[in-house]
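# A look at the structure
What follows is each chain in one-letter form.
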Protein chains: 2
Amino acid sequence: MSKHIFNFSAGPAMMPPEVLEQAAAELSDVRGSGMSVMEISHRSDLFGDILAEAESGIRRLMNLPSNYRVLFLQGGATLQFSMVPMNLLAPVDTADYIVTGYWGKKAAKCAVAFGDVKTVYSSEDTGFTTVPEQGEIRVSPNAAYLHYTSNETIDGVEFPYDLDAGLVPVVCDMSSDVLSRSIDIEKYGLIYAGAQKNLGPSGLVLVVIREDLLDRSPRALPDLLTYKVLADNDSMANTPNTWAIYLLGLVCRWLEAKGGPAGIEQVNAEKARVLYEAIDKSDGFYAGRAERNARSRMNVTFALPNAELDAKFVEEAEANGMSGLKGHRAVGGIRASIYNAFPLAGVEHLVDLMSDFARRNG
Amino acid sequence: MSKHIFNFSAGPAMMPPEVLEQAAAELSDVRGSGMSVMEISHRSDLFGDILAEAESGIRRLMNLPSNYRVLFLQGGATLQFSMVPMNLLAPVDTADYIVTGYWGKKAAKCAVAFGDVKTVYSSEDTGFTTVPEQGEIRVSPNAAYLHYTSNETIDGVEFPYDLDAGLVPVVCDMSSDVLSRSIDIEKYGLIYAGAQKNLGPSGLVLVVIREDLLDRSPRALPDLLTYKVLADNDSMANTPNTWAIYLLGLVCRWLEAKGGPAGIEQVNAEKARVLYEAIDKSDGFYAGRAERNARSRMNVTFALPNAELDAKFVEEAEANGMSGLKGHRAVGGIRASIYNAFPLAGVEHLVDLMSDFARRNG
């Protein structure tokens, strides 16, 4: 009997137990082939089926119109920080960036090498604790695109709405809240998401791109860095991460059984409500990091009265079967990452400790 | 009871059954953590141990001196086709390429965008059936590097020696024969190898680079495409493919138990001997593709008297529990990929069919 852990890791993060069980059960023999999914050719009919199912899972769950392409790539969201401007930003053009946290800032910095980057909103001066209202954003009329990060994992702030930039294509790093809620897909030109939070294991990044953006590339690039080539080859311009694509397909199936993004959104909202309520009712013992209008439902960040108590809390949580709660070194405090696969029972377990800990140390 | 398959796939390819069994057994609970290796932070102490063990496995098996760095990256060998010239070839400089097959040709083509590329040897005119002798290569005296592909998976030709380029750094795509035999590591400046043949699953590429090559980059590049940055961050400039690194570590341990490259080399030589002997003794029914001095011990390529018989042979092999024998579409015929994890018993099974099939169809 293995010990039971509530895993609050920010990513790589908890995966659905049912998915892990199935993956373990058929690890050496996928679909009666007598082989592991890791051992079969990416050009085989069997892997072709697995890839097609992963793609159709994404298409259904994101409600993708036919003019959006689905790519399964390598290099994570970090490589997308560069691939987006490489492919969409000409040296003479401008791209708008909204910076609401650590990752959005990094994305903007990576784009500078490729064209004119304009930060049209930044909450850095106030410590990345909020997001703008829709009306606050002044999009540059001729921007090649507008980039934002829908959820900032380190800071714990999330956009509660789909940003609208009119005719300017919206590019969104959705790594940490993809498929956690319903979105209006037609508001987006390009969405990318590292898999290791809501989609599967690390080593895979999902890119959803509107077809008209495939032909914009303003410079010659290696094939593997060119969206058009990757799309023309259906993610098989080289050998893809077959294992991760297989698992992403299983995660999609699991999510469909939970009612898809709309269904899981209710669960996620409830998990977040319970946790933020514990913060709000603690008489300030637990200080939520994000402003209320920008509170992330994926990464709940808060701090105790001092760093010593933060550390003591993390230690007690570990001793009580809760791992991964230490805040990112950039901001300190506590971070509870509660992605799709994380159960309400784990949040309740955490809230119990918070209440008990505050009584003993308050 | 799952059916037994001898999997001759060229890659992704067969993995050691013992490795798959261990991976399945601890898929949901690695090392008593209560979590899957896919669920733990890449910055956790536990994953730090796993990464360190994978690296030390490679260091021992390749007998790496301390001035060589080990990188675990994404994007496969294909992205290395571009990263090598991006990092090592200035626009005004020349890189030498030896082209002995499909992949070497592709690597040379990818380099053209970054500097002067000189093909110092090509066997394309004679159908990629041989490799040069050491003495045949005239290295450009001021070449930034000399690139070659030690084993060509599609054509089935392999260098039976470590190429020496004197003071010019040798860059070698060793994707399909890495760790299959002893090498003299000091002959190489940079070795890269997609994992999905001899090291583990797809989605991971091993790069071994001599430290003096880290500082050569002649151009500004995104961090994730810069060897120096990747080395400075110990493969953690972004979230690596944690699952594949874990498996590579298990494969290294398995290989050490087999006596390392020197031990497995004897097994590989015997597997290849048995198979080539069956070809040579078939009175021409099976025609080996490669010249004898260049025969690959990893990918044995041959053809039957016509394409119809090729197809019939593949079909009968499938019916007899042997998969993945169809040759690459670029060359046709039959390809038996017999990497480290492939057992001699599978080769003997194939040879039995070859003998029987020739009798019935010869």
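Please refer to the structure placed before this passage.
Residues numbered from 1 in each chain as written. Chains lettered and ligands numbered in written order. Predicted model: local features only at pLDDT ≥ 70, side-chain atom pairs only at ≥ 80, totals over all residues. Heavy atoms only, no water.

### Side note on the sheet that holds strand 4 (residues 116–122) of chain B
All names here are of chain B. To keep it simple, the criterion reads: Should DSSP find at least two bridges between two strands, the strands are taken to pair. Runs of E in the DSSP output that reach at least two residues are strands. Runs of H or I that reach at least four are helices, and both are numbered from the N terminus. Here the axes come from fitting lines to C-alpha atoms, over the contacting stretch only for helices, and the angles between their N-to-C directions go from 0 to 180 degrees. Contacts are residue-level and defined by heavy atoms, with any inter-residue pair within 4.5 Å sufficient.
Spatial strand order, 2-10-9-8-5-3-4: seven strands in an open sheet with mixed pairing. Since the sheet does not close on itself, it has two edges, and those belong to strand 2 (68–73) and strand 4, each with one partner. Adjacent strand axes in the sheet meet at a mean angle of 20° when their direction is disregarded. Sitting on the sheet, helix 2 (residues 45–62) is in contact with strand 2, strand 9 (190–194) and strand 10 (205–210), with an inclination near 130° to strand 2. Against the sheet, helix 4 (residues 102–111) contacts strand 3 (94–99), strand 4, strand 5 (146–149) and strand 9, and its axis sits at roughly 160° relative to strand 3.

### Description of the packing of helix 3 (residues 76–88) of chain B against helix 4 of chain B
Residue and element names in this part refer to chain B. Rules: Each angle gets one of four labels, with under 35 degrees taken as roughly parallel, over 145 as roughly antiparallel, 65 to 115 as roughly perpendicular, and the rest as oblique. Crossing handedness: left-handed means the near helix sits turned counterclockwise from the far one by under a right angle, and right-handed means the same turn made clockwise. As a working rule, the residues Ala, Val, Leu, Ile, Met, Phe, Trp, Tyr, Cys and Pro are called nonpolar, Asp, Glu, Lys and Arg charged, and the rest polar, with Gly in that last group.
Where helix 3 meets helix 4, the closest approach of the two axes is 8 Å, and the angle between their N-to-C directions is 45°. By the angle class used here, helix 3 and helix 4 are oblique. The handedness of the crossing between helix 3 and helix 4 is right-handed. For the pair formed by helix 3 and helix 4, the contact residues are Phe81, Ser82 and Pro85 on the first element and Trp103, Lys106, Ala107, Cys110 and Ala111 on the second. In terms of residue class, the contact of helix 3 with helix 4 is built from six nonpolar, one polar and one charged.

### Remarks on the packing of aromatic side chains
Residue and element names in this part refer to chain B. Rule in force here: Stacked, tilted and edge-to-face pairs are distinguished by plane angle, under 30 degrees for stacked and over 60 for edge-to-face with tilted covering the rest, among Phe, Tyr and Trp rings (Trp via its six-membered ring) whose centres lie within 6.5 Å. Summary of the burial criterion: residues with accessible area below 20% of their type's maximum are buried, those above 50% are exposed, and those between are partly exposed, where the area comes from a 1.4 Å probe applied to protein chains only.
A full pass over the atoms with the stated rule returns 31 aromatic pairs over all chains. Taken together, a centroid distance of 5.7 Å and an interplanar angle of 70° make the contact between Phe159 and Tyr161 edge-to-face. Across this residue pair, the class does not change: Phe159 and Tyr161 are buried. Where Tyr286 meets Phe302, the ring centres are 5.7 Å apart and the plane angle is 90°; that geometry is what we call edge-to-face. Residue Tyr286 is located in the loop between helix 7 (260–280) and strand 11 (287–288), and its partner Phe302 is located in strand 12 (residues 299–303); the two are separated by 16 residues in the primary sequence. For the residue pair Tyr286 and Phe302, the accessibility class agrees, reading buried in each case.

### A few points about empty space enclosed by the protein
One way to see where empty space is left: roll a probe the size of a water molecule over the atoms. Using the following cut-off: As defined here, a cavity is a set of points on a 1 Å grid over the protein atoms alone where a 1.4 Å probe fits but cannot get out. A pocket is an open set with protein on both sides within 12 Å along at least five of seven lines, and residues line them when an atom is within 4 Å of a point. Grid points are joined across faces, edges and corners, and a volume is the space filled by probe spheres set on the points.
Evaluated as defined, the whole model comprises five cavities of 30 Å³ or more. In this structure, the largest cavity occupies an estimated 290 Å³ of space. Together, 27 residues line the largest cavity, and A:Gln74, A:Gly75, A:Leu79, B:Gln74 and B:Gly75 are the ones closest to its centre. Broken down by secondary-structure element, the contributors of at least two residues to the lining of the largest cavity are strand 2 (68–73) and helix 3 (76–88) of chain A together with strand 2 and helix 3 of chain B.

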